[in-house]
Each structure stands twice: as C-alpha cells, then as structure tokens.
Amino acid sequence: MNKKDFKRYMQQGLGRCACELKNTENITKYKDIVLWGCLHNLSYDTQCEGTRAYYVYELTTFFNDDDYFLVPIIKAFENIPRRADHTFSHFCELLGCFAEKESTDAKNALHKKYGELLSVLTNKRRSSSYDFERDNFEQICITISSMEGKDAILRIAEDMGRLFRENPRYNGSDFDWFFSCIAQETGKRKLDALLRSESKKSQNILSFYENYIKSQEALKRIVREREMTPSACDLENEVSSSGKLSAASRVRFTRNASAEEKLILAESIISEPDDYAKAELLSVFAHSSESFPLSHGAIIEYSRSSCEKLSDNAFEVLTSCQSEEVYSYARRLLADRERVNYAVKMLLSNYKKEDKQLLLDELYKIPVDYSNESDWHSIGMHILGVKDQKVKLPGEFLCYIYETTLCSCCREYAVTELSKRRLLTKEMIEECRYDSNHSISEYADRYYPKR
C-alpha cells in the first residue's frame, strides 16, 4: 500500500488502514498521514455518521507515541474557529479518547475549553448570527459527561442551570441533544430520580431539571405531530397559500399517505397549470422509492421543461419510475451524455443484465469526494435502495460502494447485504473489524467470530 492509498482508505474509514499498520514492516511512513487524520474531521456526514474520532485514535495506538499526536491536536483544538462545529465535535471526541486512557493533558484541554465556552454563553446577549458557541458547548458537555459519568452530569447541570437563570437567552430547547444523550447513557428513570433528588439541594440544578422536563414534553409533541399525515388536499392548500411545501409535510405524506391519497395528488399534479406549483407538488414523489402512479410520459415531458425546478424534480421522480418508456429515455440520455447521474439511477431502477458492464463502467468514472458535486452519494444510496423496487443488482455493485464510498452508513448497508449473499471475503471481514462505523465492526465480530 502506498501513502496515497492509505490516506484515501482512512478518509473512507475503512479498517484496511488498521490491517496495514498491523502487518507492515515500515509503519513510520504512515505516521504523518494518521496525524493529518487526527487534525481533520474525516466523516462525510457527521450528523448521520458521528465523528471518526475513535477510528483515528485507534490508528494512533499502533505507534506508541501519544505525544506526537496529542501536542498538535491540543494546539489545534485551542485555536479552532468558532464556525468549525463538526471539526469541534471531532476534536472533543478524539481528546475524550486520549483522556479515557489517562491523558491528563487531554482532560485539561477539554475542561479549559468547557470553561471558556460557558463564560461566552453566560455573557452573550443579542446576536444576529448562528450560535456556534452554544452548539460547541453542548458537544463538549456530551463528551465530558460520557467520559466522567454521574459526577460530571451533576457539575454540568449546576453550570447549565446557572446559565438558564443568569441569561434568559438560553433554555432547555437549546440543549435537547445533550438531554437526550445523558438520558440514554444513564437511563431515563435513573436520570430523573437523580435530578429530582439533587434539585432539592440546588436552585441551579432545579432550573436544569425543569428545563429538562420541558424538553422531554416538547419532544413528545414533535413525535405526535410527525404521526399526523396531511391529505393531498392539505398539500395543495399549503402550496396555494405559502407557495411551497414544508419538509415536514412532504416527509409525512411520503411515508404515511395511502396509495389512494398518492393517486389523488398525482392527478392534481398532472392537472396543475402553474409550473412552479406543479414542481412543488411533484417534489413529494422526488425522494420516494415508489414509481409515480400515473403516466411516466408526462414526467419525461416535465423533465424537458424550461422551468428548472420542474425539470429537476421530474428527473428525481424518474429515478424511481419503472417502465420501458423510462428505460429508453435513460439510454438516450446516457448516449447523449446528458443528465448522466439521473440516467444511471433510472437504469438502476430498470436494471437489465445486458447493462451490467455499462453501468459499472459509468459508476467507476464518477469522482467521489467530500463536495459530492458528482452526486456519487445519491447514486450509492440508489444502488442500495432499488431492492425496495424488487431489483436485485449483482454483488459487484455492492462491492463498488464498499470500495469507493466516503459514507460509512452506506458501507454498513453494503456490508450486511454482501454478508447475506455470502460475498464478503476473508480480507473484507478482517477489515470490517476495524471499520470507522462501530455497527460494522460489531457485525463482523458477531457473525464472524475469530477462531
């Protein structure tokens, strides 16, 4: 393996890097690359995947030289820009890994930053910009509470409760993710009992506890609202009154509406005279695995519209439409090199054996990078999703995802499907044990125990 390959596999989060460090005779050639990984957030989508802090931390352990990594990590953490929220999360969790292995320097760096952020929030008043300090403070609270347990939770509750009392700008709704994390780690009943007991001794913890309760009640309301399914008529009225559909309405309808309601909406789309309104209603079908229930010819016509929004949404809808008409259109698009990413997805939904090599060749041409300008991530998710349309792609398509994706969530689905088909090689299984996605490593250890 050369250094360029190692860096690429590390960015993907593949366990291949750990396997290389275990077996290579020249481990030092990778040392600077692992340090680079420590200083950057490698996750493609931190909100879905989480950080890869533990993954890169494990890579550092092969070198038995903590100071080489810790000194620049702490320096970067101390000087991190306020807007680098996902990178901040990465550093918090990475330092947490070192701290849990008895690094006093890592622990001190976390507590120092905690104090700095708490001070900023306490003294912050009006601001027109996004509150990155609030998000970063929440993250460091999550890291410290996970690392130090009950005592840390009570210290944070004391500080956060004081913050709520001294600065009315903040309340429990600002830290609902922290509430969720400590409830999950401690157990809801135990946490409730602990806070209820301690709130009798401290006004600050009482303030924290009251905000925690309000946050839980608000979460229940959100869940109830999500269970409400708008009708096709509701969607039409929403577009008519506000000019657009909310993401919540779109998702609730797509997930929960009956086939009859979806047909009613499809008929409304066909008869809608205004292109923008038509595009907005069509967006409901744009991210669904279900084929549009009426004429695919009409959607093809919309894809050629001069209204960019209508054209884009029509192409999104066509990616899940299954018919000879759509298949032929996709082949023409591909031949003319027009809307290639959509043409590939349309052909995947309408897969034919004779198109196997054509599609694989197209897939391996697609640049895979963090910008996703090539739409590689959507195409990868589409490969994984066509099984819901009763399409069984050959294993090579799943291997393509395993070998190229930056998204460990997509890789997880590919790994489990490859396993079901008995297509995981011994090398892949060993790599999976060290994957950045903890679910993948757990899966490998559970179903392929070492002998």
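Description of the structure in this document.

The rules behind each value
Each chain has its residues counted from 1, running along the sequence as written. Totals for whole chains, interfaces and linings use every residue, but because this is a predicted model, local features are given only for residues with pLDDT of at least 70 and side-chain atom pairs only at 80 or more, for both listing and counting. With hydrogens and water excluded, all non-hydrogen atoms of the structure serve as input to the side-chain values. Comment: elements are numbered from the N terminus, with helices defined as DSSP H or I runs of at least four residues and strands as E runs of at least two. A simple rule labels every residue: compare its accessible area, found with a 1.4 Å probe on the protein chains alone, to the largest value its type can have, and call it buried under 20%, exposed over 50%, or partly exposed in between. By definition in these notes, contact holds between two residues if any of their heavy atoms fall within 4.5 Å. Computed with the Shrake-Rupley method and a 1.4 Å probe, the accessible areas treat only the protein chains shown as cover for residues. The span one expects for a helix is its residue count, reduced by one, times 1.5 Å. Salt bridge, as used here: a side-chain nitrogen of Lys or Arg that lies within 4 Å of a carboxyl oxygen of Asp or Glu. Polar contacts, as counted here, are pairs of nitrogen or oxygen atoms within 3.5 Å of one another; within protein the pair requires one atom able to donate a hydrogen and one able to accept it, and residues that are adjacent in sequence qualify only if both atoms are side-chain atoms. Working definition: rings of Phe, Tyr and Trp (its six-membered ring) pair if their centres are within 6.5 Å, and the pair is stacked with planes under 30 degrees apart, edge-to-face with planes over 60 apart, and tilted otherwise. Note that patches include only residues with greater than 30% relative accessible area and no salt bridge, and the join distances are 9 Å for like charges and 5 Å for nonpolar side chains (Val, Leu, Ile, Met, Phe, Trp, Tyr). Counted as positive: Lys and Arg. Counted as negative: Asp and Glu, with His and the chain ends omitted from the count. The location of each charge is read from NZ of Lys, CZ of Arg, CG of Asp or CD of Glu. In this description, a nonpolar core means a group of buried Ala, Val, Leu, Ile, Met, Phe, Trp, Tyr and Cys residues linked to one another through side-chain atoms lying within 4.5 Å.

Remarks on the overall build of the protein chain
No. 1: When its secondary structure is counted, the protein chain shows 27 helices and zero strands.
No. 2: In terms of its C-alpha atoms, the protein chain occupies a principal-axis envelope of roughly 70 × 60 × 40 Å.
No. 3: Each of the 451 residues in the protein chain was classed as buried or not, and the buried ones make up 51%.
No. 4: Sequence-distant contacts in the protein chain: of pairs separated by 6 or more residues, those separated by 24 or more amount to 67%.
No. 5: Accessible surface for the protein chain amounts to roughly 22800 Å². Of this, 48% is attributable to carbon and sulfur atoms.

Structural notes on helix α25 (residues 408-420)
An α-helical turn contains 3.6 residues, so any two residues separated by three or four positions project in the same direction.
No. 1: End to end, α25 covers 18 Å across 13 residues, agreeing with the expected 18 Å (1.5 Å per residue, within 8%).
No. 2: Of all the positions in α25, only Ser408, Cys410, Arg411, Ala414, Val415, Thr416, Glu417, Leu418 and Ser419 are classed as buried.
No. 3: In this fold, the buried residues of α25 make contact with α1 (3-12), α4 (46-49), α23 (376-385), α24 (395-404), α26 (426-432) and α27 (438-447).

Digging into the pattern of salt bridges
No. 1: Overall, the coordinates contain 35 salt bridges when judged by the stated rule.
No. 2: Among the ionic pairs, arginine 331 bridges to aspartate 355, the shortest N-O distance being 2.7 Å. Of this pair, arginine 331 sits in helix α20 (residues 324-335) while aspartate 355 sits in the loop between α21 (340-349) and α22 (356-365), and the two are 24 residues apart along the sequence.
No. 3: The class for aspartate 355 is buried, based on a relative accessible area of 1%.
No. 4: Salt-bridge contacts for lysine 365 lead to glutamate 362; the nearest nitrogen and oxygen are separated by 3.6 Å. In this pair, lysine 365 and glutamate 362 both sit in helix α22, three residues apart, roughly one turn of the helix.
No. 5: One network of salt bridges, in which partners are shared, links Arg82, Lys124, Asp131, Glu133 and Arg169.

Quick word on the environment of leucine 35
No. 1: Here leucine 35 lies in helix α3 (residues 31-38).
No. 2: With a relative accessible area of 15%, leucine 35 lands in the buried category.
No. 3: Expressed as a C-alpha distance, the spacing of leucine 35 and phenylalanine 69, which sit 34 residues apart in the sequence, is 6.0 Å.
No. 4: Filtering out sequence-adjacent residues up to four positions away, leucine 35 remains in contact with Tyr68, Phe69 and Pro72.

Description of α23
No. 1: In terms of burial, α23 is largely enclosed, as seven of its 10 residues are buried.
No. 2: Within α23, burial applies to Trp376, His377, Ile379, Gly380, His382, Ile383 and Leu384.

Here's the deal with the side chain of serine 436
No. 1: For serine 436, the position within the fold is in the loop between α26 and α27.
No. 2: You can call serine 436 buried: its relative accessible area is 17%.
No. 3: A distance of 3.4 Å separates the side chain of serine 436 from the side chain of arginine 411, its partner in a polar contact.
No. 4: Not counting residues within four places of it along the chain, the set of residues in contact with serine 436 comprises Gln12, Gly13, Arg52, Tyr55, Ser408 and Arg411.

Details of the packing of aromatic side chains
No. 1: Following the criterion strictly, the structure yields 22 aromatic pairs and no others.
No. 2: Arranged with centres 5.3 Å apart and planes meeting at 80°, the rings of phenylalanine 179 and phenylalanine 208 form a pair that is edge-to-face. In this pair, phenylalanine 179 sits in helix α11 (residues 176-186) while phenylalanine 208 sits in helix α13 (residues 203-226), placing the two residues 29 residues apart along the sequence.
No. 3: Classification of phenylalanine 208 as buried rests on a relative accessible area of 0%.
No. 4: On the numbers, 5.9 Å between centres and 80° between planes, the contact of tyrosine 351 with phenylalanine 397 is edge-to-face.

Examining a nonpolar patch on the surface
No. 1: Taken together, the side chains of Leu219, Ile222 and Val223 make up a nonpolar region of the molecular surface, amounting to roughly 230 Å² of accessible area.
No. 2: For leucine 219, the position within the fold is in helix α13.

Thoughts on a positive patch on the surface
No. 1: Together, Lys188, Lys220, Arg221 and Arg224 make up a positively charged patch on the protein surface.
No. 2: A per-element tally of the positive patch places α13 first, with three residues.
No. 3: One can find lysine 188 in helix α12 (residues 188-198).

What to know about the nonpolar core
No. 1: Ranked by size, the top nonpolar core spans 140 residues in total, and within it Phe137 and Phe178 carry the most contacts.
No. 2: Setting aside chain neighbours within four positions, we find phenylalanine 137 in contact with Tyr114, Leu117, Leu118, Leu121, Met160 and Phe175.

So, the environment of glutamate 25
No. 1: Along the chain, glutamate 25 falls in the loop between α2 (16-23) and α3.
No. 2: With relative accessibility at 85%, the residue glutamate 25 sits in the exposed group.
No. 3: In the structure, glutamate 25 is positioned 391 residues away from threonine 416 in sequence and 32 Å away in space, judged by C-alpha atoms.

Worth remembering: the numbers are spatial, not functional.
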